[in-house]
Amino acid sequence: MSITENKIIDFMGIDISTNEVKLFIADHLDWSDAKGDHMFMLQDKINEYLAFIESGELLQEYPKAKGKKAIIQVTTVTSYNAHKNTLNILNEVVFPSIK
């Protein structure tokens, strides 16, 4: 599971310290790419995660998520340095509490 498989949720669980549902994107690709191909892959993966949350599929698959804030977190698993234009998207995406 990784950024290259955009129809799959890589990892998810509840962070007991914050009581939030965290959905992780595992990103192993080179972040020095200034052309943007990597960014488009990440954007597609984030959009799939948002659709998973908004459609109610998250609650169907993981009922413990009810009433919790959902966080999409990108986890890089490489030592590549990010191009300065890519750094802005490496923040967490916060979604309102799931009802």
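Parameters and conventions
For every chain, the first residue of the written sequence is number 1, and numbering continues from 1 along that sequence. Since the coordinates come from a predicted model, pLDDT governs what is reported: local features require at least 70, and pairs of side-chain atoms require 80 or more to be given and counted, while whole-chain, interface and lining totals use all residues. Side-chain metrics in this entry use all non-hydrogen atoms of the structure; hydrogen atoms and water are not considered. Counting from the N terminus, the helices are the DSSP runs of H or I reaching at least four residues and the strands are the DSSP runs of E reaching at least two. Relative accessibility under 20% of the residue-type maximum defines a buried residue, over 50% an exposed one, and the middle range a partly exposed one, all with a 1.4 Å probe and only protein chains included. Criterion for a salt bridge: a side-chain nitrogen of Lys or Arg within 4 Å of a carboxyl oxygen of Asp or Glu. pLDDT measures the predictor's confidence residue by residue and takes values from 0 up to 100. Among the buried residues, those of types Ala, Val, Leu, Ile, Met, Phe, Trp, Tyr and Cys that are joined through side-chain atoms within 4.5 Å form a nonpolar core. Here, residues are in contact when the closest pair of their heavy atoms is within 4.5 Å. For a helix, the expected span equals 1.5 Å multiplied by the number of residues minus one. Summarising the geometry, the arc corresponds to the directions from the helix axis toward the C-beta atoms.

S.K.: Account for unusual backbone geometry, naming residues and giving values.
M.R.: The residue N19 is not glycine, and still its phi comes out positive at about 60 degrees. Assignment of secondary structure puts N19 in the loop between β1 (11–15) and β2 (20–27). Look at N19 and you get partly exposed, because its relative accessible area is 45%.

S.K.: I'd love a proper account of the pattern of salt bridges, names of residues and values included.
M.R.: This model, assessed by the stated rule, comprises three salt bridges. Its salt-bridge partner being E48, residue K7 comes within 3.0 Å of it at the nearest N-O pair. One end of the pair, K7, is in the segment before β1; the other, E48, is in helix α1 (residues 37–54), with 41 residues separating them in the sequence. Looking at K7, the relative accessible area reads 65%, which means it is exposed. With its nearest N and O atoms 3.5 Å apart, the salt bridge here joins D15 to K22. What makes D15 partly exposed here is its relative accessible area of 21%. Its relative accessible area of 14% is what places K22 among the buried residues.

S.K.: Can you tell me about the confidence of the model for the protein, naming the residues and giving the values?
M.R.: Residues with a pLDDT of 70 or more make up 71% of the protein, whose mean pLDDT is 80. Helix α2 (residues 57–61) holds the highest mean pLDDT among the elements of the protein, 95, whereas strand β4 (residues 93–95) holds the lowest, 50.

S.K.: Any chance you could break down the nonpolar core for me, citing the residues and the numbers?
M.R.: Core analysis: the largest hydrophobic core is formed by 16 residues, its most contacted members being L23, I25, L42, I53 and L58. Elements represented by at least two residues in this core include exactly β2, α1 and β3 (70–76). Here this core takes six residues from α1, the largest share from any one element.

S.K.: Can you lay out the side chain of K45 for me, pointing to particular residues and giving the numbers?
M.R.: Tracing the backbone through its elements, the reader meets K45 in helix α1. Once residues within four sequence positions are removed from consideration, K45 is found in contact with S2, I3, E5, N6, I8, D10 and I25.

S.K.: Got a sec to walk through α1? Specific residues and values, please.
M.R.: For α1, spanning 18 residues, the distance from its first C-alpha to its last is 26 Å, which sits close to the expected 26 Å at 1.5 Å a residue. Along α1, the residues that are buried comprise H38, M39, L42, K45, I46, Y49, F52 and I53. Buried residues of α1, seen end-on, are gathered within an arc of 140 degrees and therefore sit on one face of the element. Set apart from the buried face of α1 by more than 90 degrees, the exposed residues are F40 and E54. The positive-phi residue at the C-terminal boundary of α1 is G56, with phi of around 90 degrees.

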